[in-house]
Amino acid sequence: MKGLDVKIVLIGSPNSGKTTLFNWLTGHKSKTVNYPGSTVEYSTGRLLNSYSLDASITDTPGLYSLVSKSPEEEITLQVIQGQTSLGVPQSLVLVADGTQLARHLFLLKSLKKAKIPVVVAMTMSDLLKNSQVSYDLKALEEKLGVPIVTIDGRLGGGVKELVEVLRKFENATEPSGEGVTELKLSQWSPQEIESEIRALSQLVESCMKTSPVEAQQRIQNRTAMWDRVLLHPLMGIVLFFGIMTALFTSIFWMASPFMDFIDEGFGSMAELVSAHVTGLLGDFLANGIVASFGAVLVFIPQIFILSFGIQILEDSGYLARAATLIDKPFSWFGLNGKSFVPLLSAHACAVPAMMAVRNIPSRKERWLTLFIIPLMTCSARLPVYALLLTFLFKDKPAWWAGLALATLYFGGLLIGALVSLIASRWIQAKDKSFFALELPLYRAPRLSHAIVTSFKRTLSYAVRAGPIIFFLALIIWAGTTFPAYDIENKTERLEKSYAAQMGQFLEPVMKPMGADWRVGVGLISAFAAREVFVSSMAVVFSVAEEDESKLTDSLLNKMSTATNSDGAPLFTVASVIGIIVYFMIALQCMATTGTAFKESRSWKFATLQTVLFNIFGYLSAVAAFHGLRLFGIS
Amino acid sequence: MILISIEKAQSKIYSSPMAKNLFELGVGNTGEIKNISGDSILVGRLFELGFKSGATVKVVHKSIFGDPIIVDVEFSRVALRKAEAVCVEL
């Protein structure tokens, strides 16, 4: 098999340009998978055909050293040792940022022990060139004892040369992976680490053609300029809020035409299906299959735009600054500045947000962030809020509802902060909280990279959350259709369905928050996806409106005339606010619970989170309903 | 050698004589690291970020809350919390 499947492993520090190099080698054609038995993700792909070297390439998580005992470090060790199903690597590529060379070469000493050929890929050569900083590469290669190839991540320069070095490695001795056991540096004392770094730093500086002090100034010149504005105590905060507001506005404004398109597309597809396929099968295909696919796909635009925005901010180097600016206020609530990105993504969807929690170093802060993510106002709540706020403010100017919506967003953040504050008292910290964050040099982000990355992230959302949402949507279709599936009238069919029976069973629970069984059915169906609430309400209140745009209107009319069993109006200001409060707090999303389990690797955590937030949401809804009545608002 | 001695001279001019650690140094000031002590994981992390005794550090920014501070060390720019910056003795 030798020569047919050369396994190349990329290793390097965060911000080293590893992913960019990986994309040059594989041509963006890669898949992201979890390491066996771990939540750590890696990308794997094949070397582009044009290099005529048949090789698989594996990316590893970014790490500075093999000193700390993170899961990422463990996995990287296992990969080098050939203990994973990937097999023993044939050659290692240490990716090192040319502007941070001494620090990024720290991994080299450990890697050389593995007796696997190593090549150093020195990235950011364009930055070095622009800053007129250069190395005596021959001397550097000699002193380090490994070949060095300079890479220009923007234009792909040097990638061919790197492949040539790897080709030569292919003919070298069979790697054994032995000696890797010594790789583990956990036994190193801080003094040993320091002296190793000092030696490396002297070695690198001696091969620098520019004086180190001047080189540093030239390299950091542009970044220092930007930071004077973006990290300015006052201006920095103002710009931070400006950038975040712009990001959020773009999620809603830019995504809405696409979402409408998907929504209408699936709507007309469902109509088409039910027009051609009659009976139960037609209903199953239209309202079961097609509608649930629509429920999964309608959030794709928002998730894509948010991931794209976050990726642009990340690649430019700003996200690390944002985390720095917000770290202090976050620490008051037991969180870390690094919680910022997950909490930000949570406003699109909790599922990808939970996957982003891994970058938080302290276990306690990681759990706290994971815990409060479902409280952020995710986009699935929007259709529900839109319906209920329109009902509340139908006679008022439009900005009333807008202001109320902003209040709900802020409310989600506030409740999240309070829950975190309380929970932080309960969770014992096993490890200390650290921040110590490298602020990378500012770089112009590459559009193609951001598009590809956010596309992959969106796809991974669809793959992870999709089946769960789809499955539950099917159950709800069955629950609202059977056993009286042969009745033509939708309302009658629903009244006799299993879902209605369950709703009536739940009526005693619904009463205290001013709702009845029909709202109960809506709330149960919302567990598939929150926005399903709107469509099930439409079915429950028998809105048979052909025109999609009028659906909300007539539902609003039905809602205002709907009465309780005693004849009093069902939807009052108090009861609607009660439902809104429930939606704000309750964790009604099975996909979120599933992801919480995967990320925390604890059923206890995921169950506790789901049950607690539902009870808390319910009690708050009841309190809001009765509280408002006490003040004379019914 | 000349450059290094100039650098050291500069650090003497700008550094605040009272500063015992990096957090006390103050924005715009430069100092030389004498020692790094504290939690071993944190110390290891600081080494990885480029902090080491003998290296020159400069505080370049401070957050509006006074914490974290942003520091230039070697070729990198790093944000440190107060609790982390006090581990860097000057």
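Above this text sits the structure in question.
Asks: Hey, could you run me through the overall build of chain B in this one?
Replies: Counting its secondary structure elements, chain B contains three helices and six strands. Out of the 90 residues in chain B, the part that is buried amounts to 54%. A sequence separation of at least 24 residues applies to 51% of the contacts in chain B between residues at least 6 apart. Surface accessibility of chain B: about 4000 Å² in total, with carbon and sulfur atoms responsible for 60%.

Asks: Sorry, what's going on with unusual backbone geometry here?
Replies: With an omega of 0 degrees, the peptide bond running from Asp 67 of chain B to Pro 68 of chain B counts as cis. With respect to the secondary-structure elements, Pro 68 of chain B resides in the loop between strand S3 (56-62) and strand S4 (69-73). Backbone geometry at Met 124 of chain A places phi at a positive 60 degrees, although glycine is not the residue there. Within the secondary structure, Met 124 of chain A sits in the loop between strand S6 (118-123) and helix H5 (125-130). A positive phi angle, near 55 degrees, is found at Arg 601 of chain A, a position not held by glycine.

Asks: Mind showing me how you'd approach the packing of helix H26 (residues 590-600) of chain A against helix H27 (residues 603-630) of chain A here?
Replies: Each pair of packed helices gets described by two things: the angle between the helix axes and the distance between those axes. Residues and elements named next belong to chain A. The geometry of H26 relative to H27 is characterised by a closest axis approach of 8 Å and an angle of 145 degrees between their N-to-C directions. Seen along the crossing, H26 lies across H27 with a hand that is right-handed. Of the residues in H27, those in contact with Thr 593, Ala 596, Phe 597 and Ser 600 of H26 are Trp 603, Phe 605, Ala 606, Gln 609 and Thr 610. Taken together, the residues of the contact of H26 with H27 break down into five nonpolar, four polar and no charged.

Asks: Got a minute to help me understand the interface of chain A and chain B in this structure?
Replies: With 50 residues of chain A in contact, the opposing surface of chain B contributes 30 residues. Together, the buried faces of chain A and chain B total about 3600 Å²; carbon and sulfur atoms form 61% of this surface. For the pair chain A and chain B, the interface holds four salt bridges. Between the two partners, chain A and chain B, sit 18 residue pairs in polar contact (both at pLDDT 80 or more). Secondary structure elements with two or more residues in the side of chain A that touches chain B: helix H8 (190-206), helix H9 (212-230), helix H13 (318-331) and strand S8 (437-439) of chain A. In terms of residue count, the dominant contributor to the side of chain A that touches chain B is H9 of chain A (10 residues). Grouping the constituent residues of the side of chain A that touches chain B by class yields 24 nonpolar, 13 polar and 13 charged.

Asks: I'm lost on the nonpolar core in this one. Help?
Replies: Met 244, Met 513, Val 519, Phe 533 and Phe 571 of chain A are the most contacted members of the largest nonpolar core, which has 109 residues in total. The contact partners of Val 519 of chain A, leaving out residues within four places of it in the chain, are Met 510, Phe 533, Met 537, Phe 571 and Ile 579 of chain A.

Asks: What am I meant to see in the pairing of S4 of chain B here?
Replies: Successive residues of a regular strand alternate their side chains across the two faces of the sheet. Residue and element names in this part refer to chain B. In terms of residue burial, S4 counts as a mostly covered element, since five of its five residues are buried. The pairing of S3 with S4 spans five bridges and is antiparallel. The residue of S4 that forms the bridge with Lys 58 is Asp 72. Counting the residues in the hairpin turn of S3 and S4 gives six residues, including Gly 66, whose phi is positive at 85 degrees. The pairing of S4 with strand S5 (residues 76-80) spans five bridges and is antiparallel. Each residue of the ladder has a partner; that of Val 73, found in S5, is Ser 76. In this structure, the hairpin formed by S4 and S5 is closed by a connection of two residues, where Glu 74 is found at a positive phi of approximately 50 degrees.

Asks: Is there a simple way to think about the pattern of salt bridges in this case?
Replies: Where charged atoms from two side chains of opposite charge come close, those side chains can pair. If you walk through the whole model with that rule in mind, you get 19 salt bridges over all chains. Taking the shortest distance from any N to any O, the salt bridge between Asp 227 of chain A and Arg 77 of chain B comes out at 2.8 Å. Of this pair, Asp 227 of chain A sits in helix H9 while Arg 77 of chain B is found in strand S5, placing the two residues in two different chains. For the pair Asp 227 of chain A and Arg 77 of chain B, one class covers both residues: buried.

Asks: Explain the pairing of S3 of chain B here, please?
Replies: The pairing of strand S1 (residues 30-32) of chain B with S3 of chain B spans three bridges and is classified as antiparallel. Bridge pairing in S3 of chain B links Glu 32 of chain B to Thr 56 of chain B.

About the cut-offs
Residues numbered from 1 in each chain as written. Chains lettered and ligands numbered in written order. Predicted model: local features only at pLDDT ≥ 70, side-chain atom pairs only at ≥ 80, totals over all residues. Heavy atoms only, no water. Helix = DSSP H or I, 4+ residues; strand = E, 2+ residues; numbered from the N terminus. Buried < 20%, exposed > 50% of the residue type's maximum accessible area, 1.4 Å probe, protein only. Contact = heavy atoms within 4.5 Å. Areas by Shrake-Rupley, 256 points an atom, 1.4 Å probe, with all protein chains shown as cover. Axes fitted to C-alpha atoms, helices over the stretch in contact; angles between N-to-C directions. Left-handed = near helix turned anticlockwise from the far one by under 90°. Nonpolar A, V, L, I, M, F, W, Y, C, P; charged D, E, K, R; others polar. Buried area = accessible area lost by both parts, 1.4 Å probe. Salt bridge = Lys/Arg side-chain N within 4 Å of Asp/Glu carboxyl O. Polar contact = N/O pair within 3.5 Å; in protein donor to acceptor, adjacent residues only side chain to side chain. Core = buried A, V, L, I, M, F, W, Y, C linked by side-chain atoms within 4.5 Å. Pairing = 2+ DSSP bridges.

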